[in-house]
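# A structural walkthrough
What follows is each chain in one-letter form.
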Amino acid sequence: MGVRLDYSTILVAEEDGVRTITLNRPERRNAMTPAMQDELLAAMDEAAVSDCRVVVFAGAGEAFCSGLDLSALQAMNDRSDAEHSADAERVARLFRSLYELPKPTIAMVHGAAVAGGTGLATICDFTLAVPGAKFGYTEVRIGFVPALVSAFLTLQVGEKRARDLLLTGRLFSAEEAHRVGLVNEVVQPENLRARVVELADALKLNSPASMAATKRLLAAQNKAWLDRAIELAMAANADSRGTADFREGVAAFLEKRKPVWKG
């Protein structure tokens, strides 16, 4: 299967068996829209059945991904319950597809990866980040619930650390992300691309069938727990969008003022 070229929010390229999917909205710090999420899903489906051996995720411009686009947040206040549920289901499919992609995945994080961007970067099998990269599950700052990322985060770092990162909504460094197990390596900016190529070359020496089987095994071991966690997360995600605190949080964020929470 050839590489699709008609994407509008991402770029897809392949060289020497390594397919690179680049988020390509640099003017919006690669903030995700529903259209970008759909294109990422299509690109992952395509990569899964292609001859590529490794899939790399990157971001154009200064950031890796700043999370959900603010214009999309503003539009959420006028959406129906069914539309909120469809949005939550799309995000769930995006993260689950990334987690279960049969090819090894590498996130090349050269800048900020925040909220959904943190999820995208850290659900990859390998996450390489520069020292200046910032991460954070910032949803509670705008009255939202970091629901879907919470399931994968808890699997990766345990509940105690997950509670810290999710409840504070604080930004944290690449070094801390490495310390808690969300980042595999912290790499100097001038060496990041070369290190990604080196890692991809090492992965290409392995049996593709064995790596796919290993990923299927790991996913199967967590399937029952993750199925239930994602079911609960989708409901929490959709429910939180109809709350007064979410409406206030979005308005305050867009108006650059402090929110007045209703609680």
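Read on for a plain summary of the structure. (Residues numbered from 1 in each chain as written. Predicted model: local features only at pLDDT ≥ 70, side-chain atom pairs only at ≥ 80, totals over all residues. Heavy atoms only, no water.)

### Let's talk about the sheet that holds strand S4 (residues 105-109)
Strands sit in the order S1-S2-S3-S4-S6-S9 across an open sheet of six strands; the sheet is mixed. Two strands lie at the open edges of the sheet, namely strand S1 (10-15) and strand S9 (185-186), each paired on one side alone. Pairing analysis gives six bridges linking strand S2 (residues 18-23) to strand S3 (residues 54-59), with the strands arranged parallel. When the bridges of S3 are listed, Arg-19 appears paired with Val-55. Most of the contacts of helix H8 (residues 192-204) go to S4, to which it runs at about 175 degrees, and overall it touches S2, S3, S4, strand S6 (126-129) and S9. (Pairing = 2+ DSSP bridges. Helix = DSSP H or I, 4+ residues; strand = E, 2+ residues; numbered from the N terminus. Contact = heavy atoms within 4.5 Å. Axes fitted to C-alpha atoms, helices over the stretch in contact; angles between N-to-C directions.)

### Thoughts on the sheet that holds strand S8 (residues 171-173)
Taken in spatial order, the three strands of this open sheet run S5-S7-S8, and their pairing is mixed. Edge strands, defined here as strands with exactly one partner in the open sheet, are strand S5 (113-114) and S8. Here S5 pairs with strand S7 (residues 134-136) via two bridges, running parallel. Counted as the bridge partner of Ala-113 is Phe-135 from S7.

### A closer look at the packing of helix H3 (residues 81-100) against helix H4 (residues 116-123)
To characterise two packed helices, one gives the angle between the axes of the helices and the distance between these axes. Packing of H3 against H4 leaves a shortest axis separation of 9 Å and a crossing angle of 15 degrees. Taken together, the axes of H3 and H4 are roughly parallel relative to one another. Judged by the twist between their axes, the crossing of H3 over H4 is right-handed. Here Phe-95, Leu-98 and Tyr-99 of H3 come into contact with H4, specifically with Gly-116, Gly-119, Leu-120 and Ile-123. Residues belonging to the contact of H3 with H4 are distributed by class as follows: five nonpolar, two polar and no charged. (Parallel < 35°, antiparallel > 145°, perpendicular 65-115°, else oblique. Left-handed = near helix turned anticlockwise from the far one by under 90°. Nonpolar A, V, L, I, M, F, W, Y, C, P; charged D, E, K, R; others polar.)

### Some details on the pairing of S3
Most of S3 sits inside the fold, with six of its six residues counted as buried. With helix H1 (residues 34-49) bridging S2 and the parallel S3, this β-α-β connection has right-handed handedness. Inspection of the sheet shows S3 paired to S4 by three bridges, in the parallel sense. For Val-56, the partnering residue across the bridge sits in S4 and is Ile-106. (Buried < 20%, exposed > 50% of the residue type's maximum accessible area, 1.4 Å probe, protein only. Right-handed = clockwise from strand over helix to strand, strands pointing away.)

### Re the nonpolar core
Within the largest apolar cluster, 71 residues are counted, with the highest numbers of intra-cluster contacts made by Leu-40, Phe-57, Phe-64, Ile-106, Val-109, Phe-135 and Leu-182. If one sorts the elements of this core by residue count, helix H5 (residues 147-157) sits on top with seven residues. Those residues in contact with Ile-106 that sit more than four places away from it in its chain are Val-54, Val-55, Val-56, Phe-57, Cys-124, Phe-126, Leu-128, Val-196, Leu-199, Ala-200 and Leu-203. (Core = buried A, V, L, I, M, F, W, Y, C linked by side-chain atoms within 4.5 Å.)

### Quick notes on the pattern of salt bridges
The final tally for this structure, using the stated rule, is 22 salt bridges. The residue Arg-28 makes a salt bridge to Asp-69 at a minimum N-O spacing of 3.1 Å. Taken together, the residues span a long stretch of sequence, with Arg-28 in the loop between S2 and H1 and Asp-69 in the loop between S3 and helix H2 (70-76) at a distance of 41 residues. For Arg-28, a relative accessible area of 35% gives the class partly exposed. Where Glu-62 meets Arg-29, a salt bridge forms, and the shortest distance between an N and an O atom there is 3.9 Å. Of this pair, Glu-62 sits in the loop between S3 and H2 while Arg-29 is found in the loop between S2 and H1, placing the two residues 33 residues apart along the sequence. Put simply, Asp-38, Asp-87, Arg-90 and Arg-241 are held in one network by salt bridges that share partners. (Salt bridge = Lys/Arg side-chain N within 4 Å of Asp/Glu carboxyl O.)

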